Amino acid sequence: MIQDQDYELFRSNFQRFLAEHVAPYYEQWEEDGLIPRELWYKLGENGFLCVDVPEQYGGYGAPVKYSLMLVQETARAGFTALAVAIGGQSELVSPYIQNIGSEQQKHDWLPKMVTGEVVVAIAMTEANAGSDLQAIRTQAVRQDDHYIINGSKTFISNGRHADLIVLVAKTDAAKGAKGMSIFLVDATLQGVGKGRSLKKIGLHAQDTLELFFDHVEVPVNQLLGEENQGFTYLMQELPRERLSISMMAMGSIQGAIELTAQYVQERKAFGQYLSQMQNTRFVIAQAEIKAKAAAAFLQQCINLYQQQQLSITDVAALKCFITDVQGEIVDQLLQLFGGYGYMQEYPISRFYVDARVQRIYGGSNEIMKEIVARSLLGK
Ligand SMILES: Cc1cc2nc3c(=O)[nH]c(=O)nc-3n(C[C@H](O)[C@H](O)[C@H](O)COP(=O)(O)OP(=O)(O)OC[C@H]3O[C@@H](n4cnc5c(N)ncnc54)[C@H](O)[C@@H]3O)c2cc1C
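Not measured: the values here are computed from a predicted model.

A. Focus on the site of the ligand. Residues in contact with the ligand amount to 17 residues; listed here are only the nearest, Thr125, Ser131, Phe155, Ser364 and Glu366. One of the backbone nitrogen or oxygen atoms of Ile122 is found 2.8 Å away from a nitrogen atom of the ligand. Within the complex, the protein chains bury 64% of what would otherwise be the 980 Å² of accessible surface of the ligand. Across the shell around the ligand, the residue classes tally to nine nonpolar, six polar and two charged. Both domain 2 (122-226) and domain 3 (231-377) contribute no fewer than three residues apiece to the shell around the ligand.

B. Highlighting the pattern of salt bridges. Across all of its chains, the model carries 13 salt bridges by this definition. A salt bridge links Arg350 to Glu30; its shortest N-O distance comes to 3.9 Å. Of this pair, Arg350 sits in helix H10 (residues 347-355) while Glu30 sits in helix H2 (residues 26-32), and the two are 320 residues apart along the sequence. Across this residue pair, the class does not change: Arg350 and Glu30 are buried. Across the pair Glu370 and Arg374 runs a salt bridge, and its minimum N-O distance is 3.9 Å. Separated by four residues within a single helix, Glu370 and Arg374 lie in helix H11 (residues 365-377), roughly one turn from each other. Taken together, the shared-partner salt bridges in this structure form one network comprising Glu8, Arg11, Glu73, Arg76 and Glu258.

C. Highlighting the packing of helix H9 (residues 312-335) against H11. At their nearest, the axes of H9 and H11 sit 8 Å apart, and the two run at 140 degrees to each other. If you check the angle between H9 and H11, you find them oblique. As for the relative orientation of H9 and H11, their crossing is left-handed in sense. Residues Ile312, Thr313, Ala316, Ala317, Lys319, Cys320, Thr323 and Asp324 of H9 lie in contact with H11, whose contacting residues are Asn365, Met368, Lys369, Ile371, Val372 and Ser375. Classifying every residue of the contact of H9 with H11 gives seven nonpolar, four polar and three charged.

D. Expanded view of the nonpolar core. Counting 69 residues, the largest nonpolar core has Val22, Leu43, Leu82, Leu243 and Leu333 as its most contacted members. At 11 residues, the largest contribution of residues to this core is made by helix H7 (residues 230-264). Looking at this core, you find at least three residues from each of domain 1 (4-118) and domain 3 (231-377). Discounting chain neighbours no more than four positions away, the residues touching Leu43 are Phe14, Phe17, Phe48, Leu49, Leu82 and Ile86. In terms of nonpolar packing, the next biggest core, distinct from the first, is built from 28 residues, Leu92, Leu110, Val118 and Leu164 among them.

E. Summary view of unusual backbone geometry. One non-glycine residue, Cys50, adopts positive backbone phi at about 45 degrees. Counting through the fold element by element, Cys50 comes out in the loop between helix H3 (37-45) and helix H4 (64-76). Judged by its relative accessible area of 0%, Cys50 is buried. If you check the backbone angles, His215 has positive phi at about 55 degrees while not being a glycine. Here His215 is to be found in strand E7 (residues 209-219).

F. Main features of the environment of Gln300. Tracing the backbone through its elements, the reader meets Gln300 in helix H8 (residues 278-306). C-alpha of Gln300 to C-alpha of Leu318: the two residues are 18 residues apart in sequence and 9.8 Å apart in space.

G. Looking closely at the domain arrangement of the chain. You can read the domains of the chain as domain 1 (4-118), domain 2 (122-226) and domain 3 (231-377). Distance from the C-alpha centre of domain 2 to the C-alpha centre of domain 3: 30 Å. Facing the 14 residues of domain 2 at the interface are 10 residues of domain 3. With both sides pooled, the region where domain 2 packs onto domain 3 buries about 1000 Å², and carbon together with sulfur makes up 72% of that total. For the pair domain 2 and domain 3, the interface holds zero salt bridges. In this structure, the connection of domain 2 to domain 3 is made through two residue pairs in polar contact (both at pLDDT 80 or more). Considering only residue class, the side of domain 2 that touches domain 3 consists of nine nonpolar, four polar and one charged.

H. Structural context of the UniProt feature "domain: Acyl-CoA dehydrogenase/oxidase C-terminal" (unreviewed entry) in the chain. Under the feature "domain: Acyl-CoA dehydrogenase/oxidase C-terminal" (unreviewed entry), the UniProt entry names residues 228-377. Segment residues 228-377 splits into 73% helix and 3% strand. End C-alpha atoms: 29 Å apart.

I. Expanded view of the environment of Phe231. Relative to the helices and strands, Phe231 is located in helix H7. You can call Phe231 partly exposed: its relative accessible area is 21%. The sequence separation of Phe231 and Asp207 amounts to 24 residues, and the corresponding C-alpha distance is 26 Å. When near neighbours in sequence (up to four residues on either side) are disregarded, Phe231 contacts Gln134, Ala177 and Met180.

J. Highlighting the environment of Asn99. Topologically, Asn99 is positioned in helix H5 (residues 80-100). Remark: the alpha-carbon pair of Asn99 and Leu224, spanning 125 residues in sequence, is separated by 10.0 Å. Aside from chain neighbours lying at most four places away, what touches Asn99 is Gln236 and Glu237.

What counts, and at which threshold
Residues numbered from 1 in each chain as written. Predicted model: local features only at pLDDT ≥ 70, side-chain atom pairs only at ≥ 80, totals over all residues. Heavy atoms only, no water. Near = heavy atom within 4 Å. Polar contact = N/O pair within 3.5 Å; in protein donor to acceptor, adjacent residues only side chain to side chain. Areas by Shrake-Rupley, 256 points an atom, 1.4 Å probe, with all protein chains shown as cover. Nonpolar A, V, L, I, M, F, W, Y, C, P; charged D, E, K, R; others polar. Domains from an automatic or database assignment. Salt bridge = Lys/Arg side-chain N within 4 Å of Asp/Glu carboxyl O. Helix = DSSP H or I, 4+ residues; strand = E, 2+ residues; numbered from the N terminus. Buried < 20%, exposed > 50% of the residue type's maximum accessible area, 1.4 Å probe, protein only. Axes fitted to C-alpha atoms, helices over the stretch in contact; angles between N-to-C directions. Parallel < 35°, antiparallel > 145°, perpendicular 65-115°, else oblique. Left-handed = near helix turned anticlockwise from the far one by under 90°. Contact = heavy atoms within 4.5 Å. Core = buried A, V, L, I, M, F, W, Y, C linked by side-chain atoms within 4.5 Å. Buried area = accessible area lost by both parts, 1.4 Å probe. UniProt positions renumbered as here; feature names shortened; annotations may be inferred.

Below you can see the structure in the form of structure tokens.
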């Protein structure tokens, strides 16, 4: 069992891992549009996947903040596509199986997710149903001891490498939220198809795909929890996903400030360093001030989550606030790099393009505002 005082040591071990196993290769992975499968095994071997999984299922049983810190540090180093990949495995899917899975499902999947032997994706979104998840059309029809699944999903992170797909489908097409269920779908099953990698404006190393399900026979024992309770489970687990996105935002804000502070102390214009100009100083100071406010709100939400008291409203407010702040800050900091900020070889440009989607996925920021408004004004 990891002790709390090991937190900073764990962070520095992970920073070393990123410097050794990720930094030298990341540009190539961006060109390939894919993080290599071997990295998943390396992450597992070094104990950086699903660290909060209890020891009886192969994890460390570490406090959630350890797991969250890994996505923060990955984003801080400028590797947000990898942060999304690790977050998908450790922050999104693992809690579903830990909290809702049967004993058999936990034994079957969690230990392999910890070692990196199994990579997972979560598949909710469809071409005609993103924010409005109740409108999904993928169907699971019970037949004896199987469900027959038909449908398709889009924008699925970790899609290419996924060995396991946590799939949201309709088990009662006549009902909206009350007709949804969640399945653990082995990606090697006949009828599971993986489409082309989608070309994105950022997160270039992330394998974001369309997935197809053509008469896939999923054994009944791979239903997660109870039939037709899928929406309730999603509501229960979404706070962790939004917390993870917020951690990535925090990491990215910190990383962008660090990069910029260094650059402006090296670059001169009109005979003085950029760091000596009042505009530069104010922009960086303003970024730091907002970062401190964001960090305090984030820490408050992590504490609430650890006490199992983080509400959907609070985490929606956090996700919306911190990803908006991330967008503003990276945009303003990139400006301080002048033309170099627009060049791919300067990592600030990656912080910029990778930030944009943070306001869209995990529930768009408009949906986050709707949730907050509902808590004040009702429906
Ligand atoms: C890079 C990337 C990775 C992703 N990874 C995954 C993944 O791994 N798994 C997965 O299931 N999904 C994933 N998604 C999908 C993502 O969660 C959706 O794109 C997101 O929820 C928005 O849905 P949509 O794209 O259908 O937009 P829409 O729902 O069509 O929304 C379009 C616009 O309308 C606004 N809007 C919609 N409803 C309302 C409303 N009621 N009030 C006000 N405004 C509204 C939205 O905010 C948005 O601005 C990913 C997306 C991207 C881009």
